Amino acid sequence: MIKKITCMFLPANTTSLIQPMDQGVIYTAKRLYKKKLLNEILEVEEPAAGEEDRRGYKTLQNHKNYNIRSMIYNFASAVKDIKPSSLINSWKKLLINEEVEPDTAELETEDFHNIFHQGGENSATLEDIELWLEADEYGLGYHILTEEEIVESVTATENSETDEYDQDEADDNVNPKPKLGEIKDHLNIVIKYVEDNNDENISAYYEHLRHLRELIVKEITVKGRQPKISSFFKPVSNVNNESVP
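Rules used in this analysis
Residues numbered from 1 in each chain as written. Predicted model: local features only at pLDDT ≥ 70, side-chain atom pairs only at ≥ 80, totals over all residues. Heavy atoms only, no water. Patch = residues over 30% accessible without salt bridge, like charges linked within 9 Å, V, L, I, M, F, W, Y side chains within 5 Å. Areas by Shrake-Rupley, 256 points an atom, 1.4 Å probe, with all protein chains shown as cover. Salt bridge = Lys/Arg side-chain N within 4 Å of Asp/Glu carboxyl O. Lys, Arg positive; Asp, Glu negative; His and termini not counted. Charge placed at Lys NZ, Arg CZ, Asp CG, Glu CD. Helix = DSSP H or I, 4+ residues; strand = E, 2+ residues; numbered from the N terminus. pLDDT = per-residue confidence, 0-100. Contact = heavy atoms within 4.5 Å. Phe/Tyr/Trp six-rings, centres within 6.5 Å; stacked < 30°, edge-to-face > 60°. Buried < 20%, exposed > 50% of the residue type's maximum accessible area, 1.4 Å probe, protein only. Core = buried A, V, L, I, M, F, W, Y, C linked by side-chain atoms within 4.5 Å. Axes fitted to C-alpha atoms, helices over the stretch in contact; angles between N-to-C directions. Parallel < 35°, antiparallel > 145°, perpendicular 65-115°, else oblique. Nonpolar A, V, L, I, M, F, W, Y, C, P; charged D, E, K, R; others polar.

Before we go on, may I ask you to explain a negative patch on the surface in this structure?
A cluster of acidic residues, Glu108, Glu110, Glu127, Asp128 and Glu130, forms a negative patch on the protein surface. Broken down by element, the negative patch gets its largest block of residues, 3 residues, from helix H8 (residues 126-133). With respect to the helices and strands, the residue glutamate 110 is situated in helix H7 (residues 109-118).

Right, dumping it as structure tokens:
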């Protein structure tokens, strides 16, 4: 017995209306991912007085070390961070025809601008960041290279810079407290070691190490927002000694 199959076509331009994931869930996930991307790549710890500002160089090195595995982990972490309220609201358009704006708390353009500023990237404007955040809204998601660009990318050689760090002299009997930036750098080395290791016992610590690095980055970010003691002292303006009539 052959059963009848009825084929029905959805009306045009209704995808964004009837698919819940298009109601702010994907939008929120992308912004959460980009925030995690910046937190992992940008070096936000300010140098101590008298030290050279090497945040730009460290950021470049972090960007070079960023790989597909890091991307997958960060996006999975971003999906986990989506609030239950955002998932609930995503169904309201379909079920009760109610439009709800996505919850973008701490995900606005100004929030990303502050992250760039903490990383020493002061040249990035709000317009630049907005363009970056919305770049994949209508784009292909990839760049088609010309033949010349392909040849150049293959034949180009990278000039490796020598990573020089100024080390303070310390007494042998004193154990100085490690800086958060140094802890983050060492964690990057350990995470890279775990990534390249095939031992399951070692690989089991990968997620824990990445989570620890996220906590370190958050602590660095919080400390960067705290006002310094010098900010409480402002120069006193010259007082006009002329007599007041």
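Back to the write-up after that little detour.
Sorry if this is basic, but what is going on with the confidence of the model for the chain here?
Low pLDDT means the predicted coordinates in that region are not meant to be read closely. Chain-level statistics for the chain give a pLDDT mean of 78 and a share of 78% at 70 or above. The lowest-confidence element of the chain is helix H1 (residues 15-18), averaging 69 in pLDDT; the highest-confidence one is helix H4 (residues 68-80), averaging 92. The low-confidence segment residues 158-173, where pLDDT is below 50, has 10 contacts with residues more than four positions distant or belonging to other chains. Within the model, the stretch residues 236-245 combines pLDDT values under 50 with 0 contacts to residues more than four positions away or in other chains.

Can you walk me through the side chain of glutamate 214 in this structure?
Mapped onto the fold, glutamate 214 is located in helix H12 (residues 206-225). The residues touching glutamate 214, leaving out its near neighbours within four places in the chain, are Lys36, Tyr73, Asn74 and Ser77.

Looking at this structure, I do not really get the packing of aromatic side chains. What am I missing?
For any pair of aromatic rings, the description consists of the separation of the ring centres together with the inter-plane angle of the planes. Counted under the stated rule, the structure contains 4 aromatic pairs. Geometrically, the ring pair formed by tyrosine 73 and tyrosine 206 is edge-to-face, given 6.1 Å between the ring centres and 85° between the ring planes. Here tyrosine 73 is found in helix H4, whereas its partner tyrosine 206 is found in helix H12, with 133 residues between them in sequence. The pair formed by tyrosine 73 and tyrosine 206 is uniform in burial state, with each residue classed as buried.

Mind showing me how you'd approach the nonpolar core here?
Among the nonpolar cores identified, the biggest contains 28 residues, and Leu38, Leu42, Phe112, Phe116 and Ile129 are the most heavily contacted of them. Elements that contribute at least two residues to this core include exactly helix H2 (25-41), H4, H7, H8, helix H10 (180-195) and H12. It is H2 that provides the largest number of residues to this core, a total of 7 residues. Filtering out sequence-adjacent residues up to four positions away, isoleucine 129 remains in contact with Thr109, Phe112, His113, Phe116 and Ala124.

Explain the packing of H2 against H7 here, please?
How two helices pack is summed up by the angle between their axes together with the distance between the axes. As a packed pair, H2 and H7 sit with axes 10 Å apart at the nearest point and diverge in direction by 10°. It follows from the interaxial angle that H2 and H7 lie roughly parallel. Contacts from Arg31, Lys34, Lys35, Leu38 and Asn39 in H2 reach Thr109, Phe112, Ile115 and Phe116 in H7. The residue makeup of the contact of H2 with H7, split by class, is 4 nonpolar, 2 polar and 3 charged.

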